[in-house]
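Summary of the model geometry
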Amino acid sequence: MQEHALHSLASGRDVLVNAPCGSGKMAIFFAGVLMLRKVRQMPKGFGIILEPLVSISEEKRKNTPPLPVAFINVKGTIKISDNVLDVSEDHLKDISEGKFPVVFMSSEAALTEKGIMLVKSWRKSLLVICTDEAQLYTEDQWGSSSFRGDMNRAPGKVQEDN
C-alpha cells in the first residue's frame, strides 16, 4: 500500500488511501513530502494536512516523526514543538520558506479568508495537500448539515481556491 501510494505521488497523481488506523497512512504523507522535495528539486517544499478536529491534530502531534512540524488552528495560533504562539508574519515566512516540511491545519482555519489567502500564497512551495480522517467530513458523520456545515466542503474548497 505505502509503496504504491508513494509511486503514484512521485508520478504526480492524486492518491486516495483507505486503510485502518495504525496502517501507516501518515507515514505515506511524511515520506511523500520528503520524496517530493527531492523528485521535484524543491528542498523547501512542504505539505499541508487538513484535520477536521483540533483533538485529532493533537493526537497526530504526539506521534509525528522527528521533523519540524507546525500546527495552525482557527484561533490564529500556531503550535511549534510545545509552544503555542500567535501566528506572526515570521512564522508564515518560515512556512513558505520550507522550515516546516509538514503543516497541520484545522479545516476551519483553512476555510477562513486568511487561510485561503495563506494557502494561495504558499502555492509555489506547496507539494501536497492531504485530507485526514475524510469520513468525518460527511453529513452522515456530523448528523446534519448545520453542524460544522462548511466542513464537508473543506478539502475541495482549499484545492478549488488554490
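Anything mentioned here points back to the structure above.
Anyway, here's the lowdown on the structure attached to this text. Since the structure is predicted, the reported quantities are computational estimates derived from the model, not experimental observations. (Residues numbered from 1 in each chain as written. Predicted model: local features only at pLDDT ≥ 70, side-chain atom pairs only at ≥ 80, totals over all residues. Heavy atoms only, no water.)

Extensive coverage of strand S1 (residues 46-51) is indicated by the burial of six of its six residues. The alternating pattern of S1 places Phe46, Ile48 and Leu50 on one face and Gly47, Ile49 and Glu51 on the opposite face, and all of these are buried. (Buried < 20%, exposed > 50% of the residue type's maximum accessible area, 1.4 Å probe, protein only. Helix = DSSP H or I, 4+ residues; strand = E, 2+ residues; numbered from the N terminus.)

Tallied over the full model, the rule gives two aromatic pairs. Measuring from ring centre to ring centre gives 6.2 Å for Phe29 and Phe30, while their planes differ by 85°; the resulting arrangement is edge-to-face. Overall, the relative accessible area of 6% leaves Phe29 in the buried class. Owing to a relative accessible area of 4%, Phe30 belongs among the buried residues under this scheme. A ring pair is formed by Phe46 and Trp122, whose centres lie 5.6 Å apart and whose planes are at 85°; its orientation type is edge-to-face. Here Phe46 is found in strand S1, whereas its partner Trp122 is found in the loop between helix H6 (113-121) and strand S6 (126-131), with 76 residues between them in sequence. Looking at Phe46, the relative accessible area reads 0%, which means it is buried. (Phe/Tyr/Trp six-rings, centres within 6.5 Å; stacked < 30°, edge-to-face > 60°.)

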